[in-house]
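An overview of the molecular structure
Read off the chains here:
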Amino acid sequence: MMLYQSTRGGMQPVPFKDAVITGLAPDGGLLIPVDIPDVSDRLLDLRNLSFVDLAKEIVGLYATDIEPEILSTLIEEAYANFDTDDVVKIRTLGDLKVLELFHGPTLAFKDVALQLLGRLFQHVLTERGEHLNILGATSGDTGSAAIAGVRGLKDVDIFILYPNGRVSPLQELQMTTVEDTNVHCLAVEGSFDDCQTLMKTIFGDLDFKKSYSLGAVNSVNWARVLAQIVYYAYASLRASDQASFCVPTGNFGNVFAGYVAKRMGLPIKHLILATNENDILSEFFRTGVYQRGEVHYTISPAMDIQVASNFERYLYYHLDGDSSALKTFMNDFMSTGRASVSVLPSADTFLSTAVNTRDTLAGIREVYEQYGYLADPHTAVGLVAAQRFSEASNGVDLFCIATAHPAKFPESVDQVAGEGVARHPSLERLKNLPARKVVIPADVEVIKEQIRTNGR
Ligand SMILES: *Cc1c(COP(=O)(O)O)cnc(C)c1O
């Protein structure tokens with residue numbers, strides 16, 4: 001049976017189902033599998049599988065405490081409402097390939113993981129006769145994908161905090177037009193930081209957390225990483241020899257899944273980590289120094305992150321599983337905003353670069369003029385980064401990960417392509433639907449009262 005342990009070494013390993021429900025390890029670390037399965041002798045068999053069949057194989061290696069038939073059903077249901085033949089789509093732009101991951105219900109790559117996570121939650125909760133009240137804070141993309149993942153589930157209520165008037169109108173509609181009664185959109189009179197602080201305060205009230213079974217769907221849940229491994233496997237198995245991936249990065253969740261895929265023996269050469277002006281991660285891979293800076297607000301808001309919540313998982317492997325060295329690093333970082341490793345991460349796996357706003361807009365324009373392809377600003381960060389390395393000319397298939405549909409970010413895409421070009425019917429439809437939200441002051445007690453009254 002596959003077991004999960006904490007990066008900080010302070011907990012008894014637990015099976016997959018507990019890892020999914022727990023989210024964060026009780027010692028403050030992140031959960032990782034005790035060992036990573038090796039599929040290098042099965043590549044030929046895996047090569048011809050559809051996305052869903054490949055997901056059954058890969059997820060099955062890690063979720064060994066769920067019956068294979070049940071797991072198959074959950075996976076089939078999770079990917080039934082993606083709007084392309086095989087869940088993801090590969091396009092070719094000259095030397096580059098684009099791996100589009102935005103064909104799910106909210107048009108962002110987070111759907112690939114959250115559609116499955118919601119169903120895993122429901123399965124485990126039913127089995128245990130339990131209920132979960134999910135509390136999250138969002139400045140955009142995560143909220144709508146999380147809501148889409150759990151809407152209509154019997155044993156889950158979801159409460160999403162967001163800054164009233166400060167998320168893009170489309171992203172707000174993606175949350176507030178959902179009709180299911182287990183979805184509660186709380187528009188807070190305050191900033192995104194206020195929302196995050198409120199959320200942390202409520203999670204810090206352990207009595208309340210326990211009485212109301214509060215849970216989270218944030219990017220540190222192992223099941224999210226797991227679901228994301230599948231598309232690295234899928235694309236790399238379709239490469240002529242080896243694949244490299246260029247990944248626009250914020251919380252290090254997506255690119256970390258690529259790292260696990262490589263460790264599983266899939267034919268992956270490099271992972272090119274692309275950040276916007278928030279370059280803490282690209283600097284780490286260049287210099288070995290992890291140093292927090294001011295948050296820059298950019299046109300790729302889902303990557304405006306200074307402290308990457310999944311980074312600790314990578315650090316664990318970089319430090320060869322030395323939990324005490326890891327704790328020292330994290331404590332240094334927490335107290336001083338800076339920490340470093342003595343051995344630089346090997347450039348055999350990670351390459352990195354940061355792309356500023358001007359270059360990102362130029363990149364959107366260039367691929368649009370050259371190929372008629374419209375990239376959203378997050379995807380464009382990756383496309384520009386990819387051009388700085390010579391993977392494609394070295395006989396490696398280079399896949400740029402496309403994380404969102406361009407119609408989600410008309411504010412920047414319209415500057416390049418003109419108004420009305422970046423549209424998607426599912427977003428247009430929302431503009432005529434009734435919206436439902438509760439505007440509340442930035443007050444812990446008001447949020448708790450919402451959970452007491454509307455949760456279960
Ligand atoms: C969340 C998100 C990202 C960043 O992904 P991480 O896993 O946090 O690195 C990039 N692009 C879009 C559109 C996103 O929603």
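Residues numbered from 1 in each chain as written. Predicted model: local features only at pLDDT ≥ 70, side-chain atom pairs only at ≥ 80, totals over all residues. Heavy atoms only, no water.

Some points on the site of the ligand
K110, D141, G250, N251 and T403 are the nearest of the 14 residues found near the ligand. Taking G253, its main chain carries an N or O atom lying 3.3 Å from an oxygen atom of the ligand. T403 is positioned such that a nitrogen or oxygen atom in its side chain is 2.9 Å from a nitrogen atom of the ligand. For the ligand, the protein covers 96% of the area, taking 380 Å² as the surface of the free molecule. Split by residue class, the shell around the ligand holds five nonpolar, seven polar and two charged. (Near = heavy atom within 4 Å. Polar contact = N/O pair within 3.5 Å; in protein donor to acceptor, adjacent residues only side chain to side chain. Areas by Shrake-Rupley, 256 points an atom, 1.4 Å probe, with all protein chains shown as cover. Nonpolar A, V, L, I, M, F, W, Y, C, P; charged D, E, K, R; others polar.)

Considerations on the packing of aromatic side chains
Applying the stated criterion across every chain yields a total of 32 aromatic pairs. Where F51 meets Y79, the ring centres are 5.4 Å apart and the plane angle is 85°; that geometry is what we call edge-to-face. A residue pair is termed long-range when its members are at least 10 positions apart, and F51 in helix α3 (residues 51–62) and Y79 in the loop between α4 (68–78) and β4 (89–93) qualify at 28 residues. Between the aromatic rings of Y232 and F245, the centroid separation amounts to 4.8 Å while the plane-to-plane angle is 75°, which identifies the pairing as edge-to-face. Taken as a pair, Y232 in helix α10 (residues 222–236) and F245 in strand β10 (residues 243–248) lie far apart in primary sequence, 13 residues in all. Given a relative accessible area of 0%, Y232 falls into the buried group. In this arrangement the basic side chain of R238 is found over the ring face of Y234, its NZ or CZ atom lying 3.7 Å from the centre. (Phe/Tyr/Trp six-rings, centres within 6.5 Å; stacked < 30°, edge-to-face > 60°. Helix = DSSP H or I, 4+ residues; strand = E, 2+ residues; numbered from the N terminus. Buried < 20%, exposed > 50% of the residue type's maximum accessible area, 1.4 Å probe, protein only. Lys NZ or Arg CZ within 6 Å of the ring centre and 35° of its normal.)

Topic: the sheet that holds strand β11 (residues 268–275)
Here we have six strands laid out as an open sheet, ordered β4-β5-β15-β10-β11-β14, and mixed in their pairing. Taken across any chain shown, the strands that pair with only one partner, and hence form the sheet edges, are β4 and β14 (350–354). Mean inter-strand twist for the sheet, computed between neighbouring axes without regard to direction, equals 25°. Note that β4 and strand β5 (residues 96–100) share five bridges and pair antiparallel. (Pairing = 2+ DSSP bridges. Axes fitted to C-alpha atoms, helices over the stretch in contact; angles between N-to-C directions.)

Side note on the packing of helix α15 (residues 357–371) against helix α16 (residues 377–387)
Relative placement of two packed helices is described by the angle separating their axes and the distance separating the axes. Where α15 contacts α16, the axes come no closer than 8 Å and their chain directions differ by 85°. One finds that α15 runs roughly perpendicular with respect to α16. Note on element contacts: α16 touches α15 through P377, A380, V381, L383, V384 and Q387, opposite D359, T360, G363, I364, E366 and V367. For the contact of α15 with α16, the per-class residue count stands at seven nonpolar, three polar and two charged. (Parallel < 35°, antiparallel > 145°, perpendicular 65-115°, else oblique. Contact = heavy atoms within 4.5 Å.)

A word on a nonpolar patch on the surface
Among the surface-exposed residues, M1, L3 and V34 lie close enough to one another that they form a single nonpolar patch of about 280 Å² accessible area. With respect to the secondary-structure elements, V34 resides in the loop between β3 (31–33) and α2 (43–47). (Patch = residues over 30% accessible without salt bridge, like charges linked within 9 Å, V, L, I, M, F, W, Y side chains within 5 Å. Salt bridge = Lys/Arg side-chain N within 4 Å of Asp/Glu carboxyl O.)

Remarks on the environment of N356
The residue N356 is located in the loop between β14 and α15 in this model. Its relative accessible area of 30% is what places N356 among the partly exposed residues. Here the side chain of N356 touches R358 through a polar contact of 3.3 Å, landing on its backbone nitrogen.

Focus: the nonpolar core
With 111 residues, the main nonpolar core has F16, Y62, Y79, Y231, Y232, F245 and F252 as its most contacted residues. Ranked by residue count, the leading element in this core is α10, at 12 residues. The residues contacting Y232, other than those within four sequence positions of it, are F245, V247, N254, V255, A257, G258, A261, I268, L271 and I401. (Core = buried A, V, L, I, M, F, W, Y, C linked by side-chain atoms within 4.5 Å.)

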